[in-house]
Amino acid sequence: MRSDIEIARESELKPIADVAEQLGLSASDLELYGDYKAKLKDAAMKRVEANEKDGKLVLVTAINPTPAGEGKTTVTVGLGQAMAKIGKKAVIALREPSLGPCFGIKGGAAGGGYSQVVPMDDLNLHFTGDFHAITSANNLLAALLDNHIKQGNELRIDPNQIVWKRCEDMNDRVLRNIVVGLGRPADGVVREDHFIITVASEIMAILCLANDLQDLKDRLGKIIVAYNTENQPVTAKDIHAVGGMMALLKDAIKPNLIQTLEHTPAIVHGGPFANIAHGCNSIRATKMALKLADITITEAGFGADLGAEKFFDIKCRKGNLSPDAVVLVATVRALKYNGGVAKQDLNEENLEALEKGIVNLEKHMENIKQFNVPCVVALNHFVTDSEKEVAFVKEFCEKAGCEFALSKVWEQGGEGGKELAECVVNLLETRESQFHCLYEEDLPLQEKIETVAQKIYGASGVEFEKKALDELKRLEDLGFGNFPVCIAKNQYSLSDDPTMLGRPENFTLHVREVYPSAGAGFIVAITGNIMTMPGLPKHPAAEKIDVDENGNITGLF
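Residues numbered from 1 in each chain as written. Predicted model: local features only at pLDDT ≥ 70, side-chain atom pairs only at ≥ 80, totals over all residues. Heavy atoms only, no water.

**A few points about the overall build of the chain**
No. 1: Secondary structure summary: the chain contains 20 helices and 25 strands in total.
No. 2: Taken against the 2.2 N^0.38 rule, which gives 24 Å for 557 residues, the C-alpha radius of gyration of the chain at 23 Å falls within 12% of a compact globule.
No. 3: Taken along its principal axes, the extent of the C-alpha atoms in the chain is 70 × 55 × 50 Å.
No. 4: Residue burial in the chain is summarised as follows: out of 557 residues, 59% are buried.
No. 5: Pairs at least 24 residues apart make up 75% of the contacts formed inside the chain by residues separated by at least 6 positions.
No. 6: In the structure as shown, the chain presents an accessible area of about 22000 Å², 48% of it carried by carbon and sulfur atoms.
No. 7: Charge separation in the chain, taken as the distance between the mean sites of 60 positive and 79 negative side-chain charges, equals 3 Å. (Helix = DSSP H or I, 4+ residues; strand = E, 2+ residues; numbered from the N terminus. Rg over C-alpha atoms; globule rule 2.2 N^0.38 Å. Buried < 20%, exposed > 50% of the residue type's maximum accessible area, 1.4 Å probe, protein only. Contact = heavy atoms within 4.5 Å. Areas by Shrake-Rupley, 256 points an atom, 1.4 Å probe, with all protein chains shown as cover. Lys, Arg positive; Asp, Glu negative; His and termini not counted. Charge placed at Lys NZ, Arg CZ, Asp CG, Glu CD.)

**Details of the layout of surface pockets**
No. 1: One number sums up the size of the second largest pocket: a volume of about 1100 Å³.
No. 2: Counting only elements with at least two residues in the lining of the second largest pocket, the list comes to β7 (157-162), β10 (191-193), β11 (195-197), α8 (202-209), β12 (224-228), α20 (466-477), β22 (508-517) and β23 (522-527).
No. 3: In terms of residue count, the dominant contributor to the lining of the second largest pocket is β22 (six residues). (1 Å grid on protein atoms, 1.4 Å probe; cavity = no way out; pocket = protein on both sides within 12 Å on 5 of 7 lines; lining within 4 Å. Points joined across faces, edges and corners; volume = space filled by probe spheres on them.)

**Remarks on the nonpolar core**
No. 1: If you look at the biggest cluster of nonpolar residues, it comprises 65 residues, and the most contacted ones within it are F312, L361, V393, I449, Y457 and V511.
No. 2: Residue contacts for V393: discarding those within four places in its chain leaves V332, L335, L354, I358, L361, L379 and F404. (Core = buried A, V, L, I, M, F, W, Y, C linked by side-chain atoms within 4.5 Å.)

**Points about the pairing of β12**
No. 1: With respect to burial, β12 is a largely interior element, five of its five residues being buried.
No. 2: Note that β7 and β12 share two bridges and pair antiparallel. The residue of β12 that forms the bridge with I162 is A226.
No. 3: Here β12 runs beside strand β13 (residues 233-235); their pairing, made up of three bridges, is antiparallel. Looking across to β13, one finds that A226 is bridged to V234.
No. 4: The turn joining β12 and β13, which pair antiparallel and follow one another in sequence, is formed by four residues; a positive phi near 65° is taken by N231. (Pairing = 2+ DSSP bridges.)

**A word on the state of the cysteines**
No. 1: This structure, assessed with the given rule, holds zero disulfides.
No. 2: Take C280: it sits in no disulfide, and the sulfur closest to it among the cysteines is that of C316, at 7.6 Å.
No. 3: Sulfur of C486: no disulfide; nearest cysteine sulfur belongs to C280 and is 9.1 Å away.
No. 4: Residue C486 is classed as buried on the basis of its relative accessible area, which comes to 1%. (Disulfide = S-S within 2.5 Å.)

**Points about the packing of aromatic side chains**
No. 1: Scanning all chains against the criterion turns up four aromatic pairs.
No. 2: Centroid distance F312 to F371: 4.3 Å. Interplanar angle 35°. Geometry classified as tilted. You can see F312 sitting in helix α12 (residues 304-319) and its partner F371 sitting in the loop between α15 (359-369) and β18 (375-380), a full 59 residues away along the chain. Exposure class is identical for F312 and F371. Each is buried.
No. 3: Ring centres of F312 and F435 lie 5.5 Å apart, and the angle between their planes is 40°; on these two criteria the pair is classed as tilted. Remark: F435 occurs in the loop between α18 (418-430) and α19 (445-457) and F312 occurs in helix α12; sequence separation between them is 123 residues.
No. 4: F435 gets classed as buried once you look at its relative accessible area, which sits at 17%.
No. 5: In textbook terms, an aromatic cluster arises when at least three aromatic residues are bridged by ring pairs, as seen for F311, F312, F371 and F435.
No. 6: Across from the ring centre of Y515, 5.7 Å away, lies the NZ or CZ of K165, which sits over that ring.
No. 7: Against the face of Y457 rests K489, its NZ or CZ located 4.8 Å from the ring centre. (Phe/Tyr/Trp six-rings, centres within 6.5 Å; stacked < 30°, edge-to-face > 60°. Lys NZ or Arg CZ within 6 Å of the ring centre and 35° of its normal.)

Set out below in structure tokens:
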């Protein structure tokens, strides 16, 4: 069996200008980054955005992830390829991978098998430099903040109320809590500082939520970096950081165009994680895709309790988007894992464990229904799945009133996704979405958090630490009470305890910290033991990555 990277490397790519032609774009609309990837010029975006008609918007989400893997990106890519097989003009809108997981636990993030976006090496590593630009802009702001304090602190910033953190696009746990400014007086003011991973930076969220350059500039200026001695917020605009950040981000805000193994266009842009951020690709990329194709297929990170909820309540709300259908990805293996089967035993047929674990899928199906969007369950097929197991999942979904389709895109590419594609098209043509957000903007922040916890996670209640309650009050006093909430929670469970698999009940969600992303326009709530700077495992993926004598990367995926 050939590996994903071998399949990707042996594929024949089309010049990116030829891929662009499928969308009605010309070579003059592209800023080329080699032969097979490009950025979309602002002029092309403005011209396309003037089109009156939008295509249909399909979200791909999943059950809670497990070590067995769900293949959400693989299904997304395969579905896009399958649409072409049945004569539909489709484009895929994805996030960019972070270097942290690539060198940590997960490896690459470009799909798998015969449903990948390419060039896979480039995508998983430096790509077009967007993440580096975001990292640099984030750390420029941090440097200017510390320099302002060192150079007289005209704004009377309280060093004990600095909330802006440095970042890097790598898992590095020793940087979570550090001390800066040690050494001579010229080396700065000594204070505690912190690092987060780039995908958790507010600048990443801002880039993904900004409509254009002016909107980006306005949002950057609203970033709260600290509070002064009178407990008033100090912003990036106050310390004159916006212009420099804009200079670093002026190209990063342009979406990127690549292709799948079957040459389906893929617009890939932005990359916030859904467990610690809002987990969706950029609004600019999605809106442009909607103007360029009849069907836009996008995905949101991790399970529907995280990515889908934030897609609906944050991205759709901010971008005035209305999704037309949802594909909910599940696997027999993952459902058996939720039913208590150890990873090494997942290849064996086990209907009892499947019945026990399918409650996780059931909860996610119910969650999608709360947003009033038509849904189909896509069972991502593995060769070890038995006919009885597949039949059990199909019958369960149909009894619950949900459409079902088998996806074999990993092994067959677009051809293996035709059943799913036809089911999605049928939903789009026969079922009208009545999408609405989960909560209203004027609901108090605490009640917004409680609403998500109870209605989406299934919690019986929420326990707030005192400092979180105090911060919620301050944020409402500052005028941020109408913001949506972005709950940072572990991805492996519906609860904030990763060991509680299946469908946990009668649990309490624990909120330990709350802070504003004023530029992005949402409030972040940190729950449980979630970290915004991940660590590396005992044997990180980086140990297996190498470059051979011909310059080919090995071990990336």
